[in-house]
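# Inside the fold
Below, each chain spelled out in residue letters.
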Amino acid sequence: MGNIDESFFQETEHRPKQSTIEAENIPLIDLSPALTSDPSNSSSEFTSLVAEIGGACKNWGFFQVINHGVPSTCREKIERASKEFFLQPTEEKRKVSRDEDKPMGFYDTEHTKNVRDWKEVFDFFVENPTVLPASHEPHDMELKELTNQWPNFPTNFREACEEYARGIEKLSYKLLELIALSLGLPSERLNSYFKEQTSFMRLNYYPLCPIRHLALGVGRHKDSGALTVLAQDDVGGLEVKRKTDGEWIQVKPTPDAYIVNVGDIIQVWSNDRYESVEHRVVASSKKERFSIPFFFSPSHYVMVEPLEELISEESPAKYKAYNWGKFNTTRNLSNFKKLNVENIQIYHFRIGDL
C-alpha cells in the first residue's frame, strides 16, 4: 500500500484502545452432532449443541465452530488463490476495481483515501447475478442485476471462490437451523428468507502497518446481515466487544475453525434475545494478515421484523419492519456517493419507549 505518513491516520475514533484482554476466548463449539443427526433429533448431544449455540448467541454474539463439514482442501484452495491475487502489482488488482455500478471487485484504502481501515478487499456475490433495488428511495421499485468481476490471474481464482462459497453457504444454513431451534422455532423457520439471497464473500488482505498504534485493520462496527462466517489465518487481530463489561477480547486463532457472529437481522428477528455485537480488526506491524468473511443475507424483498412467534404481551415487538433490499442499497450507495440520509442502522427502526 506504499509509504504513508502519520497524517493519514487522523480519525481518533478508530484508534484501538490499548486495554485488549487476551486471556479469554469466545465459545468454541463442536458441530459434529449437527452433521450426523436430523434437525428433529432429540439426542442429548444434539440438544446440548442447540443449547450451546443459544448460549453463545445470547451471551457473546460470537462463537467458533469446529468439525463443521467444510473440506479443508476447499479452504486451502481459496486461501492460496487469495494470496496470489493480493500479492500481485496494484495496477493489476485495480483492473477489477469496484464502483457504484459494479459494487463487487477490488478495493484498497490507499486508492480511495479512506483513513478508517488499513486493508485491501475483493468482494463477490454468492448468487451471480444478485438482484437489489436500484435506489435507496422508498417508493422507487426499480431493481437491478449486479454481477461479479473476476480477475484474469490467478487462473483458478473464480473456481476457488465459487467452490468455497458453496461450502460456507451449506454451513451457514446449518447454523441458521441451529439458531432457529435455540429460539424454540422449527429448524427451517428462517430458510425461506434466503431463496434469492444477497449474500457475498469478502477476501481481506491486511498489509503490514508501519504506524500500528494509529490505525485499525477494520474500525469498530456491527454486521448488518443475518450471520457472518469468518475464516482467519494464524496471525489473528479480530477483537470482540464483550457484552458483560464492554472490554475488547482478542479472538485467538483456532486451527480449521470458523468464527461466527450474529448480525443485525438476527437481532431483529429474535426481538433482541440475541444481539449483534461490535467488533474490529487491529492492524499489525509484524506480519501481514488474510481473512475471508461470508456475509449471509436474505432476499432483497424480505421485510425484516421481529418474528411473530417471539412476540407476546410480555415481550412486544421492539422494531418496526424494514425492507432489507432498501436498507442494503442505502448502505452500499453511501460508499460511493453522499446521500441526504443518515447512515442507516437498525436503531432507526426501533420502537420507542417500551
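The sections below set out a description of the structure shown in this document. Quick caveat, the model's predicted, so the values are computed rather than measured.

A side chain with one charge can pair with a side chain of the opposite charge if their charged atoms come near. Inspection of the entire model under this criterion finds 20 salt bridges. For Glu 278, the salt bridge identified is with Lys 241, shortest N-O distance 3.3 Å. Of this pair, Glu 278 sits in the loop between α7 (264–269) and β13 (279–282) while Lys 241 is found in strand β10 (residues 238–241), placing the two residues 37 residues apart along the sequence.

It is worth spelling out the packing of aromatic side chains at this point. On inspection of all chains with the given rule, the structure shows 21 aromatic pairs. Measuring from centroid to centroid gives 5.8 Å for Trp 324 and Phe 327, while their planes differ by 25°, and the two rings are stacked. Note that Trp 324 and Phe 327 are positioned in helix α8 (residues 324–333) at a spacing of 3 residues, about one turn of the helix. Accessibility assignment for this pair places Trp 324 and Phe 327 in one class, buried. An aromatic cluster of at least three residues, connected via ring pairs, comprises Phe 85, Phe 86, Phe 106, Phe 122, Phe 124, Trp 150, Phe 157, Tyr 205 and Phe 290. Above the face of the Tyr 258 ring, Arg 75 is positioned so that its terminal group lies 4.8 Å from the ring centre. In this structure, Arg 98 is placed above the aromatic ring of Tyr 107, and the distance from its NZ or CZ to the ring centre is 4.2 Å.

On to the sheet that holds strand β9 (residues 227–232). The strand order across the open sheet formed by 8 strands is β1-β2-β12-β9-β14-β7-β4-β3, and the pairing between neighbours is mixed. A single partner strand is all that each edge strand has here, and the edge strands are β1 (28–30) and β3 (106–108). Direction aside, the axes of adjacent strands within the sheet are offset by 25° on average. As judged from the 6 bridges shared by β9 and strand β14 (residues 289–296), these two strands associate in the antiparallel manner. Residue pairing for β14: Ala 231 is matched across the bridge by Ile 292.

This part is about the pairing of β10. The pairing of β10 with β13 spans 3 bridges and is classified as antiparallel. Following the sheet pairing, Val 240 is matched in β13 by His 279. Inspection of the sheet shows β10 paired to strand β11 (residues 248–250) by 3 bridges, in the antiparallel sense. Bridged to Glu 239 within β11 is Gln 250. Between the end of β10 and the start of β11, which pair antiparallel, lie 6 residues, with Gly 246 showing a positive phi angle near 80°.

What follows is about helix α2 (residues 44–59). Compared with an ideal rise of 1.5 Å per residue, which puts 16 residues at 22 Å, α2 spans 22 Å between its outermost C-alpha atoms and is within 8% of the ideal. Among all positions of α2, only Phe 46, Leu 49, Val 50, Ile 53, Gly 54, Ala 56 and Cys 57 are buried. Buried residues in α2, looked at end-on, bunch into an arc of 165°, giving them a common side. Along α2, the residues that are exposed and aim more than 90 degrees away from the buried face are Ala 51 and Lys 58. Elements in contact with the buried residues of α2: β1, α1 (32–36), β2 (62–66), α6 (157–182) and β12 (258–262). Positive phi appears at Gly 61, one or two residues downstream of α2, with a value of about 80°.

The next subject is the nonpolar core. Core analysis: the biggest nonpolar cluster contains 70 residues, and Phe 122 and Trp 269 have the highest contact counts within it. Top contributing element to this core by residue count: α6, with 12 residues. Apart from the residues within four sequence positions on either side, Trp 269 is in contact with Leu 190, Tyr 193, Phe 194, Ala 226, Val 304, Glu 305, Pro 306, Leu 307 and Leu 310. Among the nonpolar cores identified, the runner-up in size contains 13 residues, and Trp 60, Tyr 206, Leu 230 and Ile 249 belong to it.

Along the chain, the position of Asp 233 falls in the loop between β9 and β10. Although buried, Asp 233 forms no salt bridge, and the nearest oppositely charged side chain, Arg 289, lies 4.3 Å from it. Among the polar contacts made by the side chain of Asp 233, one reaches the main-chain amide nitrogen of Phe 290 at a distance of 2.8 Å. Residue contacts for Asp 233: discarding those within four places in its chain leaves Pro 253, Glu 288, Arg 289 and Phe 290.

Moving on to the packing of helix α3 (residues 72–86) against α6. Running from N to C, α3 and α6 cross one another at 140°; their axes reach a closest spacing of 9 Å. With respect to α6, the axis of α3 lies oblique. Considering how the two elements wind past one another, α3 and α6 form a crossing that is left-handed. When α3 is examined against α6, the residues Cys 74, Arg 75, Lys 77, Ile 78, Ala 81, Ser 82 and Phe 85 are found in contact with a partner set consisting of Phe 157, Glu 159, Ala 160, Cys 161, Glu 163 and Tyr 164. Taken together, the residues of the contact of α3 with α6 break down into 8 nonpolar, 1 polar and 4 charged.

Parameters at a glance
Here, residues in each chain are numbered from 1, in the same order as that chain's written sequence. The predicted nature of this model means local features are confined to residues of pLDDT at least 70 and side-chain atom pairs, given and counted, to a pLDDT of 80 or more, with totals for whole chains, interfaces and linings taken over all residues. Side-chain calculation: all heavy atoms of the structure are included, whereas hydrogens and water are not. We define a salt bridge as a side-chain nitrogen of Lys or Arg found within 4 Å of a carboxyl oxygen belonging to Asp or Glu. Under the DSSP-based scheme used, a helix requires at least four consecutive residues in state H or I and a strand at least two consecutive residues in state E, with every element numbered from the N terminus. Side-chain rings of Phe, Tyr and Trp, where Trp is taken by its six-membered ring, are said to pair if the distance between their centres is within 6.5 Å; with planes under 30 degrees apart they count as stacked, over 60 as edge-to-face, and otherwise as tilted. Buried means the residue's accessible area, taken with a 1.4 Å probe over protein chains only, is under 20% of the maximum for its type, while exposed means over 50%, and partly exposed covers the values in between. Charge-over-ring contacts are defined here by two conditions on Lys NZ or Arg CZ: a distance within 6 Å of the ring centre and an angle within 35 degrees of the ring normal. Pairing between strands requires that DSSP locate at least two bridges from one strand to the other. The axes used here are C-alpha line fits, helices contributing only the stretch in contact, and every angle between their N-to-C directions lies in the interval 0 to 180 degrees. One less than the residue count of a helix, multiplied by 1.5 Å, gives the span that helix is expected to have. The arc in question is traced by the directions running from the helix axis to the C-beta atoms. By definition in these notes, contact holds between two residues if any of their heavy atoms fall within 4.5 Å. We define a nonpolar core as any set of buried Ala, Val, Leu, Ile, Met, Phe, Trp, Tyr and Cys residues linked to one another through side-chain atoms lying within 4.5 Å. The sign given to each residue is positive for Lys and Arg and negative for Asp and Glu; His and the chain ends receive no count. Two N or O atoms form a polar contact when they lie within 3.5 Å of each other; inside protein one atom must be a possible hydrogen donor and the other a possible acceptor, and for residues adjacent in sequence the pair counts only when both atoms belong to side chains. An angle below 35 degrees is treated as roughly parallel, one above 145 as roughly antiparallel, one from 65 to 115 as roughly perpendicular, and anything else as oblique. The crossing is said to be left-handed when, going from far helix to near helix, the turn is anticlockwise and less than a right angle, and right-handed when the turn is clockwise. Residue type decides the class: Asp, Glu, Lys and Arg count as charged, Ala, Val, Leu, Ile, Met, Phe, Trp, Tyr, Cys and Pro as nonpolar, and the leftover types, Gly among them, as polar.

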